[in-house]
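Analysis of the macromolecular model
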Amino acid sequence: MKNKESQLSKIYLTKSRFVMGQRCPKALFFSNFQPERASEESTLDRKVKIEGMLVGEYARTYFPEGELIETLKISDAVERTREAIERGVLTIFEAAFEAGGVVIRSDILTRSSVDSPWRLYEVKGNTYHKKDEYEKMEYRNDVAVQAWVLKQAGIDLDGVFLIHLNRECVYPDLSNLFVSEDYTEEIKPILETMDDDVAKLLKILGDQVKSVVAIGPQCENPRICPFKEHCWRHLPKYNVFKIPRCHKKWNFYNDGRCDVDDLNKREFSSPRQARVLKCYQEERQFLDKELARQLLSSWTFPISYFDLEAVSYPIPRYEKTRPYQDLPFQFSLHIQRKPEGDLEHLEFLYDGVDDPREAFIQNMLEALPSDGVIVVYHQSYELTKFKDLKRDFPAYGDRLDDIIRRVVDLKKVIEETVFDPEFLGSFSIKRVAPVLLGAQASYKGLSVSDGIEAMLSFQKSLEFNQGHPEREKIRSGLLEYCKQDTVLMVDLHNWLKKQIEERV
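Here's what I pulled together on the structure shown here. All values reported here derive from a predicted model rather than from experimental measurement.

**Details of the environment of Asp156**
As for its placement among the helices and strands, Asp156 is situated in the loop between helix H5 (133-152) and strand E6 (157-165). Asp156 sits 148 residues away from Ser304 along the chain, and the two C-alpha atoms are 64 Å apart. Sequence-distant contacts of Asp156, that is, excluding residues within four places in its chain, are made with Pro117 and Trp118.

Here is the structure:
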């Protein structure tokens, strides 16, 4: 590092600003000068931030002699980093550097001796998996800008690496929790143009001139841009992006055909997509009563409407669990034992602080009837959880197999037989139910309104002792939310049956 501390300019790029600007210069402008145009932070965004911090902190335990630069003020952090290097510290966490108008905080910077070059490790809170090109490019930009600043600051680098969680790691053996991926070669092409790239982004911040960037795949990949809603506000209500699984949507858009009235159903090979397009164009609801009757006719009583909620942890903490494995902790169950029979409601919400899974299994098996169908909404979610439980608790394998065999998916029935333009391309129960059943079927007003929030709420409840008013308040919200899911399944099923009867 250069002996003289560099002075931070008033206009500078951070690592995150650089990554954002490379993805979309307009987003960089908005984030700095018009942040109010961003959508409200989602529960998923909050969850990712919390888990990223936890994973970053845990990764440091693999470097026990490391020194953490704790101060948030960047000028102080740069100075303390310089002092640590001069003292011969071999591993630094959150090392801070500034060069060329860019400031960075590096997760882990380590060397084997005071005379050895450094290695840079960027810690990611997700699991190691095959990444798409959008995600790879974001990772490349992330570590490349760090490598560029470090070189400018006189740091001799021996390599740059990404650290991910390993999805194959199984508790209690956490020796293989992380997987390291060498990005040293990956970033070389980016480093070749880094001087120009940094200059262009600094110019945006300096001149305060918004870049003209058309909407494109970068708005959604590798994640939803916080300014997407603002930038897409010009689109008509019914547009090509509201056609489910339309892989040619950007081709249509770039041809100037975004409005559904500019499209022809013959351009879609999927009957469902052609049907959706027709519904938009004619602004009318579709219902295939014969197919709905056929699909529902195989549902045998007693009919059990079932929904579960699960919690996950980036660092596994219970026997046989993996990073981010969903651990069911709650269910709601409505049972109709015969046609026109009264509904029974049963529910379970784990009240301990340890592994909730076996108690969940036992209560579920006791509550579910031994025959009849088990109705869920979006069955791949529940089936995956049931199969994980069968793998980790083989003593219950036969009974879990029986449950798996009896699962039917209400969402599939609706996808095949119903479409309303107000679905706007989504078949989620939160979109479908209010459209078909009315405003009373929404989740507005609930203290817990989605699955991610349920997960975070359950984790929050564990911070309080049993019986604590705040814990009981959270648990009440969780029970109300999960019950709403099964109530709406019952109501949607009844709506379908009523429509079939009325349209004979």
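Now that the structure has been shown, the text picks up again.
**Brief notes about the sheet that holds strand E11 (residues 343-349)**
Taken together, 5 strands build an open sheet; the order of strands is E11-E10-E9-E12-E13 and the sheet is mixed. Lying at the two open borders of the sheet, with one neighbouring strand each, are E11 and strand E13 (407-409). Neighbour-to-neighbour, the strand axes of this sheet turn through a mean angle of 30°, independent of strand direction. Alignment of strand E9 (residues 303-311) against strand E10 (residues 327-336), held across 9 bridges, turns out to be antiparallel. Bridge pairing links Asp307 to Ser332 in E10. Contacts between helix H12 (residues 357-367) and the sheet are confined to E9, E10 and E11, with E10 contributing the most and set at about 10° to the helix.

**What to know about the environment of Val209**
Its location among the elements puts Val209 in the loop between helix H7 (194-207) and helix H8 (228-231). Through-space distance from the C-alpha of Val209 to that of Ala96 is 29 Å; in sequence the pair is 113 residues apart.

**Some thoughts on the layout of surface pockets**
Over the atoms a probe the size of a water molecule is rolled, and this reveals where empty space is left. If you add up the space inside the largest pocket, you get close to 2500 Å³. What lines the largest pocket is a set of 50 residues, and nearest its centre among them are Asp45, Val48, Lys49, Glu138 and Arg223. When contributions to the lining of the largest pocket are tallied by element, the ones reaching two or more residues are helix H1 (15-23), helix H2 (25-33), helix H3 (43-59), strand E4 (102-110), strand E5 (118-127) and H5. The biggest single contributor to the lining of the largest pocket is H3, with 10 residues. Looking at the lining of the largest pocket residue by residue, the classes come out as 18 nonpolar, 10 polar and 22 charged. As a volume, the second largest pocket reaches approximately 1100 Å³. Taken together, 32 residues form the lining of the second largest pocket, with Lys228, Lys242, Leu424, Ser426 and Arg431 sitting closest to its centre. Residue assignment for the lining of the second largest pocket shows that the elements contributing at least two residues are H3, H8, helix H16 (429-437) and helix H17 (451-461). In terms of residue class, the lining of the second largest pocket is built from 14 nonpolar, 7 polar and 11 charged.

Conventions used here
- Residues numbered from 1 in each chain as written.
- Predicted model: local features only at pLDDT ≥ 70, side-chain atom pairs only at ≥ 80, totals over all residues.
- Heavy atoms only, no water.
- Helix = DSSP H or I, 4+ residues; strand = E, 2+ residues; numbered from the N terminus.
- Contact = heavy atoms within 4.5 Å.
- Pairing = 2+ DSSP bridges.
- Axes fitted to C-alpha atoms, helices over the stretch in contact; angles between N-to-C directions.
- 1 Å grid on protein atoms, 1.4 Å probe; cavity = no way out; pocket = protein on both sides within 12 Å on 5 of 7 lines; lining within 4 Å.
- Points joined across faces, edges and corners; volume = space filled by probe spheres on them.
- Nonpolar A, V, L, I, M, F, W, Y, C, P; charged D, E, K, R; others polar.

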